[in-house]
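# Architecture and fold: a report
One letter stands for each residue in the lines below.
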Amino acid sequence: LKFTAQTFGDFLQQSALKAMSSLLVEQVPPSAVREFSKWSQSTGPLSNKRIVVPTENSSSQKISTCLALGVPAGLVAAHSRRRRNYRKRLALAAAQSQTSVTNDTFKGAAKVCSECGNVFMEDDIFCRKCGAPRSGTLGVGQKQASPKEEEPKKGHFPPKATPLLDSLGDEGTQQIRNMNVPELKQLAEEVRWQVLDAVSVTGGHLGAGLGVVELTVALHHVYDTPRDEICWDVAHQCQPHKVLTGRRSRIYTLRQGGGLSGFAKRKESVYDAFGAGHSSTSISAAVGFQTAKDRLQRSGHSIAVIGDGAITGGMAWEAMNHAGGLGSKVVVILNDNGQVSLPTFYNQVKQPVGALSETLAGTSTAETRGLDIQGNIAKVETSQAFQNARQFAKNATKQLLPDQLSAAAAKLDEYTRDFVKTVPFRGSGSGSRGELFEQLGFYYVGPIDGHDMDTLVQVLENIRQDHEDGLLQKPVFLHIKTKKGYGYEPAQKASDKLHAVQPKFNVPKSPDEKQKPKQPPLTKVFADQLVREGERDEKIVAITAAMPGGTGIGIFEKRFGPERTFDVGIAEQHAVTFAAGLAAGGLKPFCAIYSTFLQRGYDQLVHDVALQKLPVRFILDRAGLVGADGATHCGAFDLSYLSCIPEMMVCASADEAELCHMIHTLAQIDDAPTALRFPRGSAYGDIEMPPPRFLEPGKGRIAREGRDGTLAILSIGGRLRESLKAAEELEEKYGISATVADARWVKPLDKKLVGWLASDHRAVITIEENAIGGFGSQVQQVLLDGGYLDGMGKTPVALRSMVLPDRWIDHNTPELQYDDAKLNAQHIVDKALAVLDRVGVKVKSTVQG
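About the criteria used
- Residues numbered from 1 in each chain as written.
- Predicted model: local features only at pLDDT ≥ 70, side-chain atom pairs only at ≥ 80, totals over all residues.
- Heavy atoms only, no water.
- Helix = DSSP H or I, 4+ residues; strand = E, 2+ residues; numbered from the N terminus.
- Contact = heavy atoms within 4.5 Å.
- Salt bridge = Lys/Arg side-chain N within 4 Å of Asp/Glu carboxyl O.
- Buried < 20%, exposed > 50% of the residue type's maximum accessible area, 1.4 Å probe, protein only.
- Axes fitted to C-alpha atoms, helices over the stretch in contact; angles between N-to-C directions.
- Parallel < 35°, antiparallel > 145°, perpendicular 65-115°, else oblique.
- Nonpolar A, V, L, I, M, F, W, Y, C, P; charged D, E, K, R; others polar.
- Expected span 1.5 Å × (residues − 1).
- Polar contact = N/O pair within 3.5 Å; in protein donor to acceptor, adjacent residues only side chain to side chain.
- Phe/Tyr/Trp six-rings, centres within 6.5 Å; stacked < 30°, edge-to-face > 60°.
- Lys NZ or Arg CZ within 6 Å of the ring centre and 35° of its normal.
- Pairing = 2+ DSSP bridges.
- Core = buried A, V, L, I, M, F, W, Y, C linked by side-chain atoms within 4.5 Å.

On to the overall build of the chain, then. Within the chain one finds 32 helices and 21 strands. Put simply, of all contacts in the chain between residues at least 6 apart along the chain, 77% involve residues at least 24 apart.

What follows is the structure in structure tokens.
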């Protein structure tokens, strides 16, 4: 029996109408009315308005009750007209109480609410008691600060007229809410050009932002931002959001020193409801926002936008489990672009990572007919008529059926809607498995085309109104399908969809630039050495948490295939314990995770690995300052959180040769957990690369031996070269012959080396690219225990530590970040002169003038 979409829909529609229409006629009197509350859209104190809506026995209700199968075009059109009329009323109300939002945040903001007298907390945007906006934060009586004169104003794409975007200025999103759908489509194209042009100057994330332009425009059109919070997961896709929310005049400063962050940042704008940079946090934050609204009796909505990569993280499922249990009216939007890993398809990996990718599969934006079907279904299953009929059917079954049958019947619509999304129409959603999310307490909608502005706007408006009217008393899960890099052909053709790019990515390189040799990144140095170790030992396996390119594990996979390479998705907790299981099973796992991301798996590291003394080898790339990625990705804490764990072995490489030696060493340590950290950046290229050799744990080295016993500089990791520069300057300018040592190991620490430095020098300076509590603290403990600091029977040594400052260092060039942190050679010289003066060493400059 061969069914088509039309015949299947007609069959179900006719059968369902026969069965249900009589029930509706008998049970619902034409004169019946229903009352419900509507949250006010006013920017002043909140109020409740009563709306009376007739619930007549219309054909649209019959069709909605029949689960919207085979939806007639007339019904959809009628429903659209009703929603457009509501939008006009809402736009009129908004215009009457218009509030322009600028990029200014809390400087000069009011201390007390003008409506109720409640005292504002430091970061409040709205009054926690009455919901009134805080004057001074929403542009009330303020002027937008003009950008710095030196900030760029154009990029490397051909100029494009942007009349709608120009009309917004930097006044926020109010005007967007008054635009019609054709205008929204045009605005989306203007925003896409603006993002491309800006990133051509700044570099950074690109493909993800291009893929959510239509969604971003639709969200700011439908929802009352910033009163309604949008929580962007990871927030690497938020460039369109920044363009629309009062920051277009500074968009060419993305990721630049003193400019806009590449991620959402609360202190940057009231529109950035929740900061991000790491993944899988958005749903938890949105549930928190919505719960706070409910608790404080404030109106509004909270929305989480999460990708198919981020939703592989366990925290997202913890949050959905909680949201469903609470019955929170949060909206979760899954931006499904098929890019679970970065990149999804590399080397011999031909499918997205994990079983969840298969669950979400079945509809693609390439199959527009299937998405059109699902879009029409989504419009109706979120419609007021459908929700009224759905609620009526549930109430009727409760009254007419026994409890057990009533509970089963209550699930009928969920199962039927899930069946519709998995019917065998090519591209219509086969395999979407909406029931997975329904069982967590969500109302699942979709999948729909995330680039279809008409569908996006109508479905989002329906969802918003259903929550406001009380027709949906549960969280909504909206599944949208998008193309990463949408609207820019080179991005859509690239294997990684231009996930991240360098400045001038669209400008052809000159022959000189193409021939200019570049030193390999330290990530590649690590990966190449791991391949060599893997060739020597077949027990070596590699693990990455959705970062095969960023960590270098993709190079290992290219050599050994997926049999010895495991990409677990964005799931660091699982990655760590999975590695523990591999080690307990007799393999030699190398678990490569950025320093900042290993924080997410810390309990597993302690409880599952270290406590059992399992030989997992942790490779921490991006340890220390990370340049334009800023504070969210800074690997500032690993030496502190690793060196306090009993029996953990921790080392840090000073250069590419040491990095290879340490990889070789860790491959041979089979009786303890180990960790190796190295910084972001490239190899020096001026170091001889000898064959890798085993480095004895707990043994450092002397890099430069001084002659006068005044000063020793003890470095760990990537600051060794700056230490040597400082020592040369001290000798050339001040005649001080300083000793410079490389500790190599934080744990076990070379106590003999530390003791000798303290005994034979008047002062010791430790230097590390880590927060307080790391390497310097380990050295201090050894000196305290050895009596080197108390002066009992011998002259005490003066100890100083140079660490990252106790504050966040914003995005900038690496050179300026090190200056900010005071960890460059000149800062070491200054520290040395100060401590030597303290111990009575007279220092005079030997340089004339």
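Next comes the rest of the account.
Before going further, it helps to spend a moment on unusual backbone geometry. Pro226 follows Thr225 through a cis peptide bond whose omega is 5 degrees. With respect to the helices and strands, Pro226 occurs in the loop between helix 7 (213-222) and strand 4 (229-232). Residue Gly446 is joined to Pro447 through a cis peptide bond whose omega torsion reads 0 degrees. Within the element layout of this structure, Pro447 appears in strand 7 (residues 443-449). In this model, Lys497 sits at a positive phi of 60 degrees, which is unusual for a non-glycine residue. Despite not being glycine, Ala546 has its phi angle at roughly 65 degrees, a positive value. With respect to the secondary-structure elements, Ala546 resides in the loop between strand 10 (540-544) and helix 21 (548-551).

A separate point is the pattern of salt bridges. Counted under the stated rule, the structure contains 36 salt bridges. Arg704 is the partner of Glu731 in a salt bridge, and the nearest nitrogen-oxygen pair spans 2.4 Å. One end of the pair, Glu731, is in helix 28 (residues 720-734); the other, Arg704, is in strand 16 (residues 701-704), with 27 residues separating them in the sequence. What makes Glu731 partly exposed here is its relative accessible area of 23%. Across the pair Lys733 and Glu729 runs a salt bridge whose closest N-O atoms are separated by 3.2 Å. Of this pair, Lys733 and Glu729 both sit in helix 28, four residues apart, which is roughly one turn of the helix. Since its relative accessible area comes to 35%, Lys733 is described here as partly exposed. A single salt-bridge network, built from bridges that share partners, covers Lys242, Arg247, Glu268 and Asp272.

This part covers the packing of helix 29 (residues 751-760) against helix 30 (residues 775-785). Direction vectors running N to C along helix 29 and helix 30 enclose 70 degrees, while the axes themselves pass 10 Å from each other. Classified by the angle between their axes, helix 29 and helix 30 sit roughly perpendicular to one another. Within the contact between the two elements, helix 29 uses Lys751, Val754 and Ala758 and helix 30 uses Val779, Val782 and Leu783. In terms of residue class, the contact of helix 29 with helix 30 is built from five nonpolar, no polar and one charged.

This brings us to helix 17 (residues 453-469). Over its 17 residues, helix 17 extends 24 Å from the first C-alpha to the last, a length consistent with the 24 Å expected when each residue adds 1.5 Å. Within helix 17, 16 of the 17 residues are buried, which leaves the element mostly enclosed by the surrounding structure. Its side-chain oxygen placed 3.2 Å from the backbone nitrogen of Asp454, Asp452 serves as the N-cap of helix 17. One or two residues past the end of helix 17 sits Gly470, with phi positive at roughly 80 degrees.

With that settled, consider the packing of aromatic side chains. One pass over the structure, following the stated rule, counts 15 aromatic pairs. Centre to centre, the rings of Phe442 and Phe477 are 6.2 Å apart; their planes meet at 85 degrees, and the pair counts as edge-to-face. On the criterion of sequence distance, the pair formed by Phe442 in the loop between helix 16 (435-438) and strand 7 and Phe477 in strand 8 (residues 476-481) is long-range, its members being 35 residues apart. Judged on exposure class, the residue Phe442 and its partner Phe477 are both buried. Measuring from centroid to centroid gives 6.1 Å for Tyr488 and Phe505, while their planes differ by 85 degrees, and the two rings are edge-to-face. With a gap of 17 residues between them, Tyr488 in the loop between strand 8 and helix 18 (489-493) and Phe505 in the loop between strand 9 (500-501) and helix 19 (511-515) connect regions that are remote in the sequence. Grouped by ring-pair contacts, the aromatic residues Trp317, Phe437, Phe442, Tyr444 and Phe477 constitute a single cluster. Arg564 extends its terminal NZ or CZ atom over the ring of Phe560, reaching a point 4.1 Å from the ring centre. One Lys or Arg, Arg719, reaches over the ring of Tyr818 and ends 3.8 Å from the middle of that ring.

Quick look at the side chain of Glu468 now. Take Glu468: it is sitting in helix 17. Reaching out from Glu468, the side chain makes a polar contact with the side chain of His301 at a distance of 3.0 Å.

In this section: helix 28. The first and last C-alpha atoms of helix 28 sit 20 Å apart over 15 residues, in line with the 21 Å expected at 1.5 Å per residue. For helix 28, the complete set of buried residues consists of Leu720, Glu722, Ser723, Ala726, Ala727, Glu729 and Leu730. Packed against the buried residues of helix 28 are strand 16, strand 17 (711-715), strand 18 (739-742), strand 20 (763-767) and helix 32 (825-838). Residue Gly735 follows helix 28 closely and has a positive phi angle near 70 degrees.

Let us now look at the sheet that holds strand 12 (residues 588-592). Strand order in the open sheet formed by seven strands is 11-10-12-13-15-14-19, and the pairing between neighbours is mixed. The sheet is open, and its two edges are formed by strand 11 (565-567) and strand 19 (745-747), each paired on a single side. On average, each strand axis in the sheet is tilted by 20 degrees relative to the strand beside it, whichever way the strands run. In terms of strand pairing, strand 10 meets strand 12 through five bridges, oriented parallel. Bridge pairing in strand 12 links Val541 to Pro589.

With 62 residues, the main nonpolar core has Leu187, Leu219, Ile333 and Leu478 as its most contacted residues. Looking at this core, the element that brings in the most residues is helix 5 (residues 181-202), giving 10 residues. Excluding residues that lie within four positions of it along the chain, Ile333 makes contacts with Leu215, Leu219, Ile303, Ala304, Val305, Ile306, Leu460, Leu478 and Ile480.

Here we come to the sheet that holds strand 17. Spatial strand order, 16-18-17-20-21: five strands in an open sheet with mixed pairing. If you trace the sheet from one side to the other, it starts and ends with strand 16 and strand 21 (798-802), each paired once. Across this sheet, the average inter-strand angle for adjacent strands is 25 degrees, counted without regard to direction. Bridge count for strand 16 against strand 18 is three bridges, and the pairing is antiparallel. In the sheet register, Arg704 faces strand 18, and the bridge partner there is Val740. Contacts between helix 28 and the sheet are confined to strand 16, strand 17, strand 18 and strand 20, with strand 16 contributing the most and set at about 45 degrees to the helix.

Most of strand 8 sits out of view: six of its six residues are buried. Of the two faces of strand 8, the one carrying Val476, Leu478 and Ile480 and the one carrying Phe477, His479 and Lys481 are both buried. Across six bridges, strand 6 (residues 331-336) lies against strand 8 in parallel orientation. From the neighbouring strand, Leu334 faces strand 8, where its bridge partner is His479. As judged from the five bridges shared by strand 7 and strand 8, these two strands associate in the parallel manner. If you follow Asp449 over to strand 8, its bridge partner there is Lys481.

Next up on the list: the packing of helix 23 (residues 572-584) against helix 25 (residues 602-610). Packing of helix 23 against helix 25 brings their axes to within 9 Å, and their N-to-C directions diverge by 10 degrees. When the interaxial angle is binned, helix 23 and helix 25 end up roughly parallel. On helix 25, the residues touching Gln573, Val576, Thr577 and Ala580 of helix 23 are Gln604, Leu605, Asp608 and Val609. Looking at side-chain class alone, the contact of helix 23 with helix 25 contains four nonpolar, three polar and one charged residues.

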